[in-house]
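Residue-level structural notes
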Amino acid sequence: MDQSTRRLTVAQALVRFLSAQYTERDGVRHRLIAGTWGIFGHGNVAGIGQALLEAGEQAMPFHQGRNEQAMVHAAVGYARQLGRLSAQAVTTSIGPGATNLVTGAALATINRLPVLLLPGDYFATRAADPLLQQLEHPVEADLSVNDTLRPVSRYFDRITRPETLVPSALAAMRVLADPAETGAVTLALPQDVQAEAYDWPEEFFAERVWRVRRPAPDPVELAEAARAIRGAERPLIVAGGGVHHSEAETALRELADATGIPVASTQAGKGSLRHDHPADLGGIGHTGTAVSDDLARTADLVIGVGTRYTDFTTASATLFRNPGVRFVNLNITAFDAHKLAARPLVADARAGLEALAEALAGHRVAAAYEAEYRSGKERWEQVVAGAFRADDENAVPTQTQVLGALDSVVGDADVIINAAGSLPGDLHKLWRARSPRQYHLEYGYSCMGYEIPAGIGVQQAAPGTPVWSLVGDGTYLMMPTEIVTAVQESLPVNLVLIQNHGYASIGGLSESVGGERFGTAYRYRAADGTFSGAPLPVDLAANAASLGMDVIRAKTVRELRDALAEARASDRPTCVYVETDPAPTAPPAQAWWDVPVAEVASREAAVNARATYDGHTAERRRHL
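Reference entry: report on the structure contained in this document. All values reported here derive from a predicted model rather than from experimental measurement.

Describing the nonpolar core
Formed by 82 residues in total, the largest nonpolar core has its most connected members in L427, W468, L470 and L564. Formed by 36 residues, the second largest nonpolar core is a distinct cluster that contains A51, L52, V185 and L187.

Shown next, in the form of structure tokens:
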């Protein structure tokens, strides 16, 4: 055993260690930590900052961000594009730089996507106490603001002595690379410890490969699942994000081809089958298609593959209405596999689907059932075509016509990124996903501001891929700052900026629950004190241009289509700005979503909304 040591600071040792970590799955190797995002302050500039400088770009590429939350979003977009096999780190100073990580960390953990967070922390030695930006707690002296990251991290440690880095760093890598455990991982780094020297064993810096396993299903669970599927008359597969993370799309297609079982998809799972596959029914749940939701209501067996079954997927526990409906859940985590009192099939999605296909050899659903869902799919395609179609090319486009114009321009490899507002619902119902990575919707946390930095992360992960970040004016105003990063790095992210003068999605929701669109419009105050005056005279296109983007303004459907084609051909970050016709053209929700309504109210809108709400809640059931 090598007993030699190397004297480095804690920060230098950590960077060197990270540069030697790899994942491997199916014989393909990736850098586990492929780069580090950073904004420097007094809590990390002399530690991690100096260590990154000393290591050099080849050992650890550095990316300069403008907002700490956005840096996490970029890292998450990167990890998702690469199937969670490669991740990035994010370093910040202490104080607000560290707490700005919390939203991004929650997003990463909820979506089961790996990111390594390296926030600065207070002096471990307490040589200076209190420090600038220190939160003093009267009875918990070891508490820091970084503890806000504990509940949103899959692993958390504070490195208060150099030697504790060794076991902690190894544990951090294990969690990041584990498909059943992954999410945000936080190593809080006191600023004095970052700069402290230690004699590190050379073995700590040896190349390590973390194998991403594909656990096979238990034979008994597999047999029970196959028996349940063979006995079902109206089975339905619900494909979740785990299909993509496992690269199980081919296995899913082969199972659907062999058995005829239809496939509906969650927001994270859309694109598991190509949109024109005969068994692909599109989205499911509150933002799903009519054919998916109709089949879900009558399904006698629901086969979940890599899904968490959020309330949007289950229509707040009102979607699966067949009195005898049962569930089989294929998931790499037992926690998810047991949801809805299901028969669990705890396994990697690809391994599990391949095993199911073998166990179901010769089995196929009834021809009448196939004919039924294929007919429903054809009817929904007519709905999509109608929503995308513009009879007047010189008219101001509606939001669905914006998607139709984009649909006519993109290729199979393009990536569409969105996270919040009314666009997720329209996209889930209408978008024609052409490839597994094309549909990139962050709808686990639905975080406004995700889209632009995530576009940067996708560009870094897949250079040369056309990337489209779709945002409304509300989302744009939340976090446009990483436009500067895209410009600095010459990353040709395409921004489609839709101006509709407020929070369109929440405005519609507010109206439906008796809130009368209160506080959702971007307008001047009127004489009665409400925000119902003229639209605000903001020019978001000019703002994007001031941050360095090329900007193309489009006023009509024809101009929009031309602008999108021009942006796609450009090698510069480009914004296509369009003001849309606010008239709703998207098909209505095909299933309910539970947003509680005031039980008592004096305003008629809320009283009526409560009556409607009570009618929906009566349809909710627990699956036992």
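Some words on the side chain of H286
Relative to the assigned elements, H286 resides in the loop between β14 (280–283) and α11 (290–298). Looking at H286, the relative accessible area reads 17%, which means it is buried. For H286, the contacting residues outside a window of four places in its chain are F312, A589, Q590, A591, W592 and W593.

A closer look at the sheet that holds strand β9 (residues 184–190)
The strand order β5-β4-β6-β7-β9-β8 describes an open sheet built from six strands, whose pairing is parallel. What marks the edges here is a single partner per strand, and that holds for β5 (62–64) and β8 (155–158). Put simply, the sheet's adjacent strands are angled 20° from each other on average, direction ignored. Relative to strand β6 (residues 87–92), strand β4 (residues 33–38) runs parallel, the two sharing four bridges. Following the sheet pairing, G38 is matched in β6 by T91. Across the sheet, helix α3 (residues 68–81) lies against β4, β6 and β7 (115–121), angled at about 170° from β6, the strand it touches most.

Comments concerning the environment of A366
Assignment of secondary structure puts A366 in the loop between α14 (349–359) and α15 (367–388). Exposure remark for A366: the relative accessible area of 46% places this residue in the partly exposed category. Considering only alpha carbons, one finds A366 and E233, 133 residues apart in sequence, at a separation of 7.4 Å.

Focus on the packing of aromatic side chains
Tallying each qualifying case throughout the model produces eleven aromatic pairs. Judged by centre distance (5.7 Å) and plane angle (80°), the ring pair of Y369 and Y373 falls under edge-to-face. Of the two residues, Y369 and Y373 are both situated in helix α15; the distance of four residues between them amounts to about one turn of the helix. Note on accessibility: Y369 and Y373 belong to one class, buried. Three or more aromatic residues joined by ring pairs form one cluster here, namely F17, Y198, W200, F204 and F205. Sitting over the face of the ring of Y22, R29 holds its NZ or CZ atom 5.7 Å from the ring centroid. Directly above the aromatic system of Y439 lies the positively charged group of K270, at a separation of 5.5 Å from the ring centroid.

Digging into the environment of T585
Note that T585 resides in the loop between β23 (574–579) and α24 (604–617). The exposure class assigned to T585 is partly exposed, which follows from its relative accessible area of 33%. Each C-alpha atom, one on T585 and one on V15, is 51 Å from the other, the two residues being 570 residues apart in sequence. With residues near it in sequence (within four places) discarded, T585 still touches A387, T398 and T400. Within the structure, T585 has its side chain in polar contact with the side chain of T398 (distance 3.2 Å). At a separation of 2.6 Å, a polar atom in the side chain of T585 contacts the side chain of T400.

Concerning the packing of helix α16 (residues 399–409) against helix α17 (residues 423–430)
Running from N to C, α16 and α17 point in directions that differ by 50°, and their axes come no closer than 11 Å. Judged on the interaxial angle alone, α17 and α16 are oblique. When you trace α16 past α17, the crossing you get is right-handed. Across the interface between the two elements, Q399, T400 and L403 of α16 pack against L423, D426, L427 and L430 of α17. The residue inventory of the contact of α16 with α17, partitioned by class, reads four nonpolar, two polar and one charged.

A few points about the pattern of salt bridges
Under the counting rule described, the total for this entry stands at 36 salt bridges. Between K339 and D336 there is a salt bridge whose closest N-O contact spans 2.8 Å. When the shortest N-O distance is used, the salt bridge between R561 and E393 registers 2.7 Å. Of this pair, R561 sits in helix α23 (residues 557–569) while E393 sits in the loop between α15 and α16, and the two are 168 residues apart along the sequence. Residue class for R561 comes out partly exposed when judged on its relative accessible area of 29%. Among the charged side chains, a network of salt bridges with common partners joins E24, R29, E207 and R211.

A word on helix α2 (residues 45–55)
Among the residues of α2, G47, I48, G49, A51 and L52 are the ones counted as buried. Down the axis, α2 shows its buried residues gathered within 165° of arc, on one side only. In α2, the exposed positions angled more than 90 degrees off the buried face are occupied by A46, L53 and E54. Positive phi appears at G56, one or two residues downstream of α2, with a value of about 90°.

Things to note about helix α18 (residues 451–461)
Burial analysis of α18 places eleven of its eleven residues in the buried class, which makes it a mostly covered element. Among all positions in α18, only E451, I452, P453, A454, G455, I456, G457, V458, Q459, Q460 and A461 are buried.

A look at the pairing of β9
Judged by how many residues are buried, β9 sits mostly within the fold: seven of seven residues are covered. Covered by surrounding structure in β9 are A184, T186, A188 and P190 together with V185, L187 and L189, the residues of both alternating faces. Sheet analysis places β7 next to β9, joined by five bridges and oriented parallel. Bridging across to β9, G120 finds its partner in L189. Two elements, β8 and β9, share four bridges in a ladder whose sense is parallel. If you follow D157 over to β9, its bridge partner there is L187. As for the winding sense of the linkage, the β-α-β connection from β8 through helix α6 (residues 165–177) to β9 is right-handed.

Some thoughts on the environment of V302
Among the secondary structure elements, V302 is positioned in strand β15 (residues 301–305). Beyond its immediate stretch of four places on either side in the chain, V302 contacts L236, V238, Y309, F320, V325, R326, F327 and V328.

Structural notes on the sheet that holds strand β2 (residues 21–25)
With respect to topology, three strands assemble into an open sheet ordered β3-β2-β11, the strand pairing being mixed. The open sheet has two edge strands, β3 (28–31) and β11 (208–211), and neither has a second partner. Pairs of neighbouring strands in the sheet enclose a mean axial angle of 30°, with direction left out of account. Sheet topology places β2 next to β11; four bridges connect them, and they run parallel. Residue Y22 lies in a different strand from β11, and its bridge partner there is V209. Against the sheet, α6 engages β2 and β11, with an angle of about 35° to β11.

Scoring rules and cut-offs
Residues numbered from 1 in each chain as written. Predicted model: local features only at pLDDT ≥ 70, side-chain atom pairs only at ≥ 80, totals over all residues. Heavy atoms only, no water. Core = buried A, V, L, I, M, F, W, Y, C linked by side-chain atoms within 4.5 Å. Buried < 20%, exposed > 50% of the residue type's maximum accessible area, 1.4 Å probe, protein only. Helix = DSSP H or I, 4+ residues; strand = E, 2+ residues; numbered from the N terminus. Contact = heavy atoms within 4.5 Å. Pairing = 2+ DSSP bridges. Axes fitted to C-alpha atoms, helices over the stretch in contact; angles between N-to-C directions. Phe/Tyr/Trp six-rings, centres within 6.5 Å; stacked < 30°, edge-to-face > 60°. Lys NZ or Arg CZ within 6 Å of the ring centre and 35° of its normal. Polar contact = N/O pair within 3.5 Å; in protein donor to acceptor, adjacent residues only side chain to side chain. Parallel < 35°, antiparallel > 145°, perpendicular 65-115°, else oblique. Left-handed = near helix turned anticlockwise from the far one by under 90°. Nonpolar A, V, L, I, M, F, W, Y, C, P; charged D, E, K, R; others polar. Salt bridge = Lys/Arg side-chain N within 4 Å of Asp/Glu carboxyl O. Arc of directions from axis to C-beta. Right-handed = clockwise from strand over helix to strand, strands pointing away.

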